Structures are given as C-alpha cells and as structure tokens.
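# Descriptive analysis of the structure
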Amino acid sequence: MFSSCNDKSSAEFSLTGKTRGIENGTMIYLDNADSQTIDLIDSTKVENNSFVFNTELPNSPLHVVLRTNDDSHYRFLWLENKSMTFDASQNDFENAIVTGSKVENSAQSLRKELENLSEENQRKKEIEFIKKHPNSIVSAETLSTYLTTFGKNETKELFDLFSDENKLSKYGKIISSYLELKEQAEIGGQFIDFEMVDKNGELKKLSDLKGKIIFLDFWASWCAPCRKENPNLVKTYEKFKPKGFEIFAVSLDENKENWIKAIEKDKLNWYHVNDLKGNGNKASLIYGVEGIPDSFLIDQNGIIVARDLRGKELDKKLTELME
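Criteria and thresholds
- Residues numbered from 1 in each chain as written.
- Predicted model: local features only at pLDDT ≥ 70, side-chain atom pairs only at ≥ 80, totals over all residues.
- Heavy atoms only, no water.
- Pairing = 2+ DSSP bridges.
- Helix = DSSP H or I, 4+ residues; strand = E, 2+ residues; numbered from the N terminus.
- Axes fitted to C-alpha atoms, helices over the stretch in contact; angles between N-to-C directions.
- Core = buried A, V, L, I, M, F, W, Y, C linked by side-chain atoms within 4.5 Å.
- Buried < 20%, exposed > 50% of the residue type's maximum accessible area, 1.4 Å probe, protein only.
- Contact = heavy atoms within 4.5 Å.
- Right-handed = clockwise from strand over helix to strand, strands pointing away.

### Comments concerning the sheet that holds strand β8 (residues 83-87)
Ordered by their spatial adjacency, 4 strands build an open sheet running β5-β2-β8-β9, and the pairing between neighbours is mixed. Only two strands of the sheet have a single neighbouring strand rather than two, namely β5 (50-53) and β9 (97-99). Across this sheet, the average inter-strand angle for adjacent strands is 10°, counted without regard to direction. Bridge analysis of β8 against β9 gives 3 bridges, and the strand direction is antiparallel. Opposite Thr85, over in β9, you have Thr99 as the bridge partner.

### Let's talk about the nonpolar core
Of all hydrophobic cores here, the largest spans 68 residues; its most connected members are Phe194, Leu216 and Tyr287. For this core, the leading source of residues is helix α3 (residues 137-159), giving 8 residues. With residues near it in sequence (within four places) discarded, Phe194 still touches Lys204, Lys205, Leu206, Leu216, Phe248, Val250, Ala283, Ile286 and Tyr287. Formed by 21 residues, the second largest nonpolar core is a distinct cluster that contains Ile22, Leu62, Val64 and Leu79.

### Re the sheet that holds strand β13 (residues 245-251)
Strands sit in the order β14-β13-β12-β15-β16 across an open sheet of 5 strands; the sheet is mixed. Single-partner strands in this sheet number two, and they are β14 (271-273) and β16 (304-307). Put simply, the sheet's adjacent strands are angled 20° from each other on average, direction ignored. The sheet contact formed by β13 and β14 spans 3 bridges and is parallel. The residue bridging Val250 from the neighbouring strand is Val273, located in β14.

### A few points about the pairing of β13
Within β13, 7 of the 7 residues are buried, leaving the element largely enclosed by the surrounding structure. The sheet contact formed by strand β12 (residues 213-219) and β13 spans 7 bridges and is parallel. Paired with Ile213 across the two strands is Phe245, which belongs to β13. Note on the crossover from β12 through helix α6 (residues 224-240) to β13: the handedness is right-handed. Tracing the backbone out of β13, into helix α7 (residues 256-265) and back to the parallel element β14 gives a crossover that is right-handed.

Next up, the structure:
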C-alpha cells in the first residue's frame, strides 16, 4: 500500500500520514528546512490518501518541510526519532494534526500564538516563548533567525538562558558567532571590514576596494529575486565602473558549485566571496542581513550611505555621489 524511496525498517522514526483529495501516485517529499537549496531527505507516494515514511533521520530533532512536488501542499514541522502521525484528512497540510513529537507540538503552539499579530508583537511573543522554553530547539532556531532584529543585548540575555545542548546546536553556533562580533554596521557609519575567500580560494577584503564607491551585495544562486535583479545590476556596473564603482558580492550559498554556476550564467564580472556557511555567513551577521537580496552602498570615504538600493534608485544615487 505504501511506497518509500528510502524505506529502512531499522529506523526509529516513522511518519504515517492521511491526506484529502490528493491523487494516487502523487509524490510527497521531506526536505531539510534549514537548507536554502532543496535538500531531499526522503520521498514517498500517496495511495488512497495515505502515505508513510520510515526514514533514518540525519539528526533528531530535525526541522523539515513536508511538501508535494508543486508545493500546493506543504508544512514546516519538526521530526523526532519516534513514531509520528500526520492527519490532514480534515484540514490542509498547514493545519494538519501532528502527534508524536513534543518539539513539533511546541512549535505549533508558537505558530498559533503568532497568527494575526503585527510583526512587532510577533517578535515580542517570540522573546516571551524563548524565555519560557530556553531548552527547546525551537527557541534556538527562532533566536538564530531574528538575532539581528533583537539586537546584541537582548540576544545575549536570551542565549545565556539556553542549555549547553542548545548553545552547542547548529543554531547556537550561529548565535555565538553573532555575539562574538565586535562591531555592527550602521547607515551613516564607517563600513566594517571583513575578509573571505573567493571562488579560487584566495582571501579578499572589502577594504581592498577602499577609495571606490562600493556596492556590497548579499545574494545567493537560489534567491529568485536576486537572480531577477542581476541583469539590471550588470547594466549599472558597466555604466559606472569606469567612474570608480565596484561591486563586492557576498553569497549565502552553501553549495560552491551552484554559486559558481550562477556567477557564470548571469555574467557577474565583479568581486565574489563566500564562506559556504549560509545564514551563518560572517559578513551577513556583521551587516545584520536577515533576508536577501540586501545591499549596502559605501561612498569613496568608506561611509555607508544607503541600504537596499536597486535599479533606477541605485543609478540615481551613484550619479549623485559622482558629481
């Protein structure tokens, strides 16, 4: 009745699911939710609106996306090495009833509390949750996502409450890296220097371009808005490069091959660096980047004069700086 591409009877984890209105043979996928690219863990087929996964998890708890191929049905959830159930027979995937994981129950409770709140009140509610559940991996994942929004003082106070296990988790390591930073970039302030390797493994510093007008660009090959904007950025670069303009692009790609292919395909003939740490990228933490595309415009004196300028707005600002 059930079919799985990676059926391992010895696995402690299992997920037995019920769906509604999904055709027989439809593939259901489990992807790593913390990877910016598709990171497939396992897949299975729906038969008679039922499916099952018997999968050896790479670690537990594990944050995943459960989805169909066209993403018409999807749900973020936490898996543990336990027998779990997923019941979407009366609801859509997002509101499915999931049993068997205390971590998922905790995460779902937080999601419900955040519904219909303003962004500001959502952040307050998340801080409240972290304080109440300092040992939960959900708290670590949440804090690593919004640390630059919370700021260093709030982030440190919350991080200090964590268990050693949480502090040593992959989310805890991102938070630790952020807290260890001595400086943070601000509009109107001097740019903060950093060095990172390029695609050839050679170290490049942002300060190598000092004296020029620098567009510090944060992007990735998997970021559709970034790729869509690249043709406009190429035109801007060709127009203003002879006048002392340079681009220093920091990628949040974790896959080096995908990163290099995107550079070549989009014909991005400027400086490129990457530490292959994704959301834990050192430069993105220094500059408070929480989503991409993002960018900072630095004038000839090293002052950060603008953020997230694109297209005609960027061209206009460059013209002003070069007058």
